[in-house]
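Residue strings, one per chain:
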Amino acid sequence: MNNIAEQAQALAEGRTSSEALVEDALQRIALHRATGGTAYISVDAEGALRSARASDTARAYGQVPSPLAGLVVSIKDLFDVAGQVTAAGSRLLADAPPAQCDAPVIKRLKAAGAILLGRTNMSEFAFSGLGLNPHYGTPLAPGTGQRIAGGSSSGAAVSVAQGMAVAGLGSDTGGSIRIPAAFCGLTGFKPSASRVPLQGAFPLATSLDSIGALTQSVADCILLDQILSSEVLDTRPVPLAGLRLAVTRDWVMQSLDATVTTAFERSLETLAEAGAQIRWFDFPELQELPSINAAGGITAAQAWSHHRRWLESDDAQHYDPRVAQRIRRGAAISAADYLHLQAERQRLINLAHERLGNADAWLLPTVAVVAPKLADLEHDDDFFACNALVLRNTSVINFLDGCALSLPCQQGKELPVGLSIAGLHGQDARILQVSGAVEAVLRGAS
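Residues numbered from 1 in each chain as written. Predicted model: local features only at pLDDT ≥ 70, side-chain atom pairs only at ≥ 80, totals over all residues. Heavy atoms only, no water.

### Digging into the overall build of the chain
The helix and strand tally for the chain stands at 14 helices and 11 strands. Rg of the C-alpha trace for the chain: 21 Å, near the compact-globule value of 22 Å for 446 residues, within the 12% margin. Principal-axis analysis of the C-alpha atoms places the extent of the chain at approximately 60 × 60 × 40 Å. Within the chain, the fraction of its 446 residues that count as buried is 59%. Contacts in the chain between residues far apart in sequence, at least 24 positions, make up 78% of those at least 6 positions apart. Positive and negative side-chain charges of the chain, numbering 35 and 44 respectively, have mean locations separated by a distance of 2 Å. (Helix = DSSP H or I, 4+ residues; strand = E, 2+ residues; numbered from the N terminus. Rg over C-alpha atoms; globule rule 2.2 N^0.38 Å. Buried < 20%, exposed > 50% of the residue type's maximum accessible area, 1.4 Å probe, protein only. Contact = heavy atoms within 4.5 Å. Lys, Arg positive; Asp, Glu negative; His and termini not counted. Charge placed at Lys NZ, Arg CZ, Asp CG, Glu CD.)

Rendered as structure tokens:
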């Protein structure tokens, strides 16, 4: 019982209980930790079991607020949950006062009946696509040897991939949902940024931050999106035949490793054979992104604004040095530089509308490479080069203020590879529709 529909049906038919699901998750967490796993920073076993028993009692009286009712969901360590410390994966805030109230997304999950089991590990302050954390350990992608799970929502991904939760609440500023989804063989959806409220989530860059979930399927992502956004989109299935799927030749297709190239090209062939119209297009202006963001970009500028009170004090010693280094770049970005960044962003957004035209979706590899080995990221030069490459494709969508879903597209014994189905701002419904059609065809071909 991996996905929401299967677990919800088992509950409805009395084949299991919410309490049993929580107990199973707790056993999996215990085994995970016993073997050195670091997906969860903290687990509220007592609170989860109490909520599960209450859910089972409510179900007995016919009170089932959503298909997620009674199911286990993990929470990334940057969301406020009343009575819990929001540390954002950092030692700096580990002793901060507990949150006084729930973030809006937490309230919505609770109202849907979700059982919140614990807080998952992450890149400190969500500022890395690799998921390394020197304070709480680095989660590894299951079944891949010593390869990283990806970040920043690393623990969220591992919690779902190893059955310690049916869904993981995450955030995405430059790919932090889609990268770990790709590395762990999961489905992850980054909605248009304004659709899900950011209040009560520790910010990285509020102009780019999005909130979404990591799950086992498109259907699960749709359900979580409805709950988190409090908006029901038209996501009814559409036939793949005739869909106009755009693929760019440049930038996001550079420096792909062999496994990603094979999986992506095979996916395009499979979709074309099923009747999709694959349209290649050029977007050369994306090559300008490194120079546009050379000083650290919008993320560094906005992160510095939030962190400088700590980084300019003795508290700086508590930071992951790599995270501190990246945030400090924002100190050198002037007001004029920042306004130029915003203007360049709008220019590329306008161009994206022209380039994509009437396409139903834009297809691209989620990440250019498979999950790197942890041992290969020991040195700073290797870490920063890998981080930039891993974030390259996903961050394009954030910069363009778009939405995107990452689907697993590997086959057999291949390492996990993500296929991104992307669109521009407000195209969430269409992207979820197309993703469902693409998922059905790819799963049928695997």
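There is more to say, and it comes next.
### Details of the sheet that holds strand S6 (residues 210–215)
What the 11 strands build is an open sheet, ordered S1-S3-S2-S4-S6-S5-S10-S11-S9-S7-S8; its pairing is mixed. Strands at the two margins of the open sheet, each flanked by one partner only, are strand S1 (40–43) and strand S8 (277–281). The average undirected angle you get between the axes of adjacent strands in this sheet is 25 degrees. Here helix H3 (residues 45–60) sits on the sheet in contact with S1 and strand S3 (115–120), set at roughly 160 degrees to S3. (Pairing = 2+ DSSP bridges. Axes fitted to C-alpha atoms, helices over the stretch in contact; angles between N-to-C directions.)

### Examining helix H13 (residues 380–399)
When the local axis directions of H13 are compared, the greatest deviation, roughly 50 degrees, occurs at Arg392. With its phi angle positive at about 60 degrees, Asp401 sits one or two positions after the end of H13. (Bend = angle between axes of the 7 residues up to and from the residue.)

### Observations concerning the packing of aromatic side chains
Summed over all chains, the structure comprises 6 aromatic pairs. Both rings, one in Phe125 and one in Tyr319, keep their centres 5.3 Å apart while their planes meet at 40 degrees; by these two values the pair is tilted. With Phe125 in the loop between S3 and helix H5 (154–161) and Tyr319 in the loop between helix H10 (297–311) and helix H11 (321–328), this pair connects stretches of sequence that are 194 residues apart. On the numbers, 6.2 Å between centres and 35 degrees between planes, the contact of Phe283 with Trp362 is tilted. (Phe/Tyr/Trp six-rings, centres within 6.5 Å; stacked < 30°, edge-to-face > 60°.)

### Quick word on unusual backbone geometry
Most peptide bonds take the trans configuration, and most residues that are not glycine carry a negative phi. Between Gly151 and the following residue, Ser152, the backbone shows a cis peptide bond with an omega angle of 10 degrees. Along the chain, Ser152 falls in the loop between S3 and H5.

### Quick look at the packing of helix H2 (residues 18–34) against H3
Packed helices, taken two at a time, are described by the angle between their axes plus the distance between the axes. One can describe the packing of H2 onto H3 by two numbers: an axis separation of 7 Å at closest approach and a directional angle of 155 degrees. Taken together, H2 and H3 sit at an angle that is classed as roughly antiparallel. Crossing of H2 against H3: the hand is right-handed. Residues Ser18, Glu19, Val22, Glu23 and Leu26 of H2 lie in contact with H3, whose contacting residues are Ala45, Ala48, Leu49, Ala52, Arg53, Ser55 and Asp56. (Parallel < 35°, antiparallel > 145°, perpendicular 65-115°, else oblique. Left-handed = near helix turned anticlockwise from the far one by under 90°.)

### Points about the pattern of salt bridges
Applying the stated criterion to the full structure yields 20 salt bridges. In this structure, the salt-bridge partner of Glu13 is Arg15, at a minimum N-O distance of 2.7 Å. Residue Glu13 is classed as partly exposed on the basis of its relative accessible area of 46%. In this structure, the salt-bridge partner of Arg249 is Asp282, at a minimum N-O distance of 3.5 Å. Of this pair, Arg249 sits in the loop between strand S7 (244–248) and helix H8 (258–273) while Asp282 sits in the loop between S8 and helix H9 (289–292), and the two are 33 residues apart along the sequence. (Salt bridge = Lys/Arg side-chain N within 4 Å of Asp/Glu carboxyl O.)

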